[in-house]
Amino acid sequence: MDLFEYMRREQQETESPLAARLRPTTLDEVVGQEHIIGRGRLLRRAIQADKLGSLIFYGPPGTGKTTLAKVIAHTTSAEFVQLNATTSGKKDMEEAVRAAQDRMGMYGKKTILFIDEIHRFNKSQQDYLLPFVEDGTVTLIGATTENPYFEVNSALISRSTVFELHPLSQADVRALILRAVYDTDKGMGMYNAVIDDDAADFLADVAGGDARRALSAVELGILTTEPSGDGKIHITLETAQECIQRRAPRYDKGGDNHYDTISAFIKSMRGSDPDAAVYYLARMLEAGEDPKFIARRIMICAAEDVGNADPHAITVAVSCSLACERIGLPEAQILLAQAAAYVACAPKSNAAVNAIFAARDLVKKTGNLPVPPYLQDAHYEGAQKLGRGIGYQYAHLYRGHYSGQPYMPEKVRGTRLYEPSENGYEEQIRARLYELTGDSRYQEPEELLDRDPDGSRP
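Criteria and cut-off values
- Residues numbered from 1 in each chain as written.
- Predicted model: local features only at pLDDT ≥ 70, side-chain atom pairs only at ≥ 80, totals over all residues.
- Heavy atoms only, no water.
- Helix = DSSP H or I, 4+ residues; strand = E, 2+ residues; numbered from the N terminus.
- Contact = heavy atoms within 4.5 Å.
- Pairing = 2+ DSSP bridges.
- Axes fitted to C-alpha atoms, helices over the stretch in contact; angles between N-to-C directions.
- Disulfide = S-S within 2.5 Å.
- Salt bridge = Lys/Arg side-chain N within 4 Å of Asp/Glu carboxyl O.
- Buried < 20%, exposed > 50% of the residue type's maximum accessible area, 1.4 Å probe, protein only.
- Parallel < 35°, antiparallel > 145°, perpendicular 65-115°, else oblique.
- Left-handed = near helix turned anticlockwise from the far one by under 90°.
- Nonpolar A, V, L, I, M, F, W, Y, C, P; charged D, E, K, R; others polar.
- Core = buried A, V, L, I, M, F, W, Y, C linked by side-chain atoms within 4.5 Å.
- Right-handed = clockwise from strand over helix to strand, strands pointing away.

Participant: Could you clarify how one ought to interpret the side chain of threonine 225 in this entry?
Facilitator: Relative to the elements of secondary structure, threonine 225 occurs in the loop between helix H12 (211-224) and strand S7 (233-235). Excluding residues within four positions of it along the chain, threonine 225 makes contact with Ile233, His234, Ile235 and Thr239.

Participant: Help me out: how do you make sense of the sheet that holds strand S5 (residues 161-164) in this one?
Facilitator: Strand pairing within a sheet occurs via backbone hydrogen bonds; the two strands may be parallel or antiparallel. Reading across from one edge, S2-S3-S4-S1-S5 is the order of the 5 strands in this open sheet, with parallel pairing throughout. On the outer flanks of this sheet lie strand S2 (79-84) and S5, each paired with one strand and no other. Strand-to-strand twist in this sheet, taken as the mean axis angle between neighbours without regard to direction, amounts to 15 degrees. Bridge count for S2 against strand S3 (residues 111-116) is 6 bridges, and the pairing is parallel.

Participant: Mind showing me how you'd approach the state of the cysteines here?
Facilitator: Covalent bonding between the sulfur atoms of two cysteines defines a disulfide. On inspection of all chains with the given rule, the structure shows 0 disulfides. Here cysteine 324 stays unpaired: no disulfide links it, and the sulfur of cysteine 320, its closest cysteine neighbor, is 4.0 Å away.

Participant: Explain the pattern of salt bridges here, please?
Facilitator: Two side chains that carry opposite charge are able to pair once their charged atoms sit near each other. For the structure shown, the criterion picks out 14 salt bridges. The closest approach of N and O atoms between glutamate 29 and lysine 186, which form a salt bridge, is 3.4 Å. Placement of the pair is glutamate 29 in the loop between helix H2 (18-21) and helix H3 (34-37) and lysine 186 in the loop between helix H10 (170-182) and strand S6 (193-195), with a sequence separation of 157 residues. Residue glutamate 29 is classed as partly exposed on the basis of its relative accessible area of 27%. Since its relative accessible area comes to 26%, lysine 186 is described here as partly exposed. Put simply, glutamate 419 and arginine 416 hold a salt bridge, and the shortest N to O gap is 2.6 Å. The exposure class of arginine 416 is buried, given its relative accessible area of 14%. Here the residues in one salt-bridge network are Asp28, Arg39 and Arg44, joined through shared partners.

Participant: Can you walk me through the packing of H10 against H12 in this structure?
Facilitator: To characterise two packed helices, one gives the angle between the axes of the helices and the distance between these axes. The geometry of H10 relative to H12 is characterised by a closest axis approach of 10 Å and an angle of 30 degrees between their N-to-C directions. In terms of orientation, H10 lies roughly parallel with respect to H12. Handedness of the crossing formed by H10 with H12: right-handed. Across the interface between the two elements, Val173, Leu176, Ile177, Ala180 and Val181 from H10 touch Ala211, Ala214, Leu215, Val218 and Ile222 from H12. Classifying every residue of the contact of H10 with H12 by side-chain character gives 10 nonpolar, no polar and no charged.

Participant: Can you help me understand the nonpolar core in this one?
Facilitator: Side chains of a nonpolar character, in soluble globular proteins, are inclined to be buried together. In this structure, Ile177, Ile195, Leu203, Val218 and Ile222 are the most contacted members of the largest nonpolar core, which totals 30 residues. Contributing elements (two or more residues each) for this core: H2, H10, S6, helix H11 (197-206), H12, S7 and helix H13 (237-244). Here this core takes 6 residues from H12, the largest share from any one element. For valine 218, the contacting residues outside a window of four places in its chain are Leu18, Ile177, Ala180, Val181 and Leu203. Core analysis: the second largest hydrophobic core is formed by 26 residues, Ile262, Leu281, Cys324 and Val343 among them.

Participant: What should I look at first to understand the pairing of S3 in this one?
Facilitator: Moving residue by residue along a regular strand, the side chains alternate between the two faces of the sheet. For S3, the buried fraction is high: 6 of the 6 residues fall into the buried class. Of the two faces of S3, the one holding Thr111, Leu113 and Ile115 and the one holding Ile112, Phe114 and Asp116 are both buried throughout. Of the crossover connections in this fold, the one passing from S2 over helix H6 (residues 90-107) to the parallel S3 is right-handed. Pairing of S3 with strand S4 (residues 139-144) involves 5 bridges; the strand directions are parallel. What sits directly across from aspartate 116, in S4, is alanine 143.

This is the structure in structure tokens:
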């Protein structure tokens with residue numbers, strides 16, 4: 001290390017952001033993540049024994065992925081090399097691997113290669129690491145905010161242990177806030193600041209499990225607030241609100257949280273909970289989700305989960321989608337809320353879904369069965385000579401506009417694919433089919449009549 005590098009590091013230690021200065025160097029200083037670094041847990045034992053294999057740390061921003069890597073850097077006997085995939089490329093990895101090979105050959109010393117934002121590397125860049133992770137030239141530690149099973153090569157995943165980091169609890173974030181305010185070694189203690197309990201509670205809550213966000217607000221508050229008459233800097237609730245402004249939704253339209261939120265939205269509509277449906281709708285809108293994407297999901301849910309139990313649901317959903325395209329935000333949020341609430345409150349049936357899946361399975365099993373001759377096209381010259389269309393019974397000529405003629409291919413005749421539920425309008429559909437066909441299978445199933453309201457048998 002030359003003089004300039006030494007001076008740069010010294011300056012960083014005093015002038016870097018509070019979140020970086022407060023970063024722990026030992027496991028005992030780490031707050032949260034007890035499920036992976038608590039006493040007796042696998043990762044803690046591996047770090048303490050300096051017996052680490054390749055790791056992938058996965059979790060939202062501000063949960064301690066880089067912190068854990070830095071702790072490892074301070075405790076391991078191996079050389080610790082850090083790259084960031086947003087600024088590094090294959091050349092940087094080649095230099096790191098070459099140095100690791102020299103280090104192993106000359107000194108027998110292992111190398112830990114920490115790659116932050118590893119999901120930013122493309123497939124070929126990630127593939128480059130495989131042989132060197134495989135032969136132990138480097139021990140890889142990757143950090144990612146995206147689901148690694150989607151964004152990291154499966155070959156690297158198979159050679160690594162994935163640890164998911166959870167958002168910090170409100171109590172954990174509050175403990176870090178107090179440490180930041182009063183710690184004189186790494187924190188802001190030398191500024192003689194104090195923070196009110198309600199301000200600390202507010203920051204811990206609004207940070208949403210992101211420690212970096214809370215600490216940045218604390219630092220901004222202390223550096224921009226004038227001392228009071230008692231010589232102390234008081235961080236009040238008003239000051240805290242000014243410094244953090246508002247909660248930033250943790251949502252990436254291309255990432256894991258995107259799919260989790262839309263999944264919760266759909267399941268809330270399916271589960272007939274309009275409050276939860278509108279809540280998740282608000283979260284997506286607040287995060288900048290495309291209204292057209294949300295409208296498409298409402299249409300799918302209207303068909304998949306409501307179906308003919310309320311045929312108006314698909315009409316409402318389609319009308320909402322078209323209106324959103326014409327109107328746009330912010331007014332489109334009202335249309336989406338109306339449609340989501342309607343679909344959530346509508347009676348539910350997945351009979352149409354079951355019908356098409358059952359029909360496709362039947363087609364796969366039975367193949368291209370011949371269409372009954374009387375149903376075949378007879379609108380061309382010579383069709384009747386071939387027996388096409390002969391014997392077809394025109395439904396409108398019969399009582400109730402129902403002839404009773406079978407329409408399924410002979411081999412699968414009598415197979416039931418569409419099973420109307422007992423919910424909403426499908427109850428009327430079931431009754432009409434029973435009236436037309438006399439098929440007892442359209443009567444309300446006895447096993448449903450014998451069940452308690454919660455679905456269990458008495």
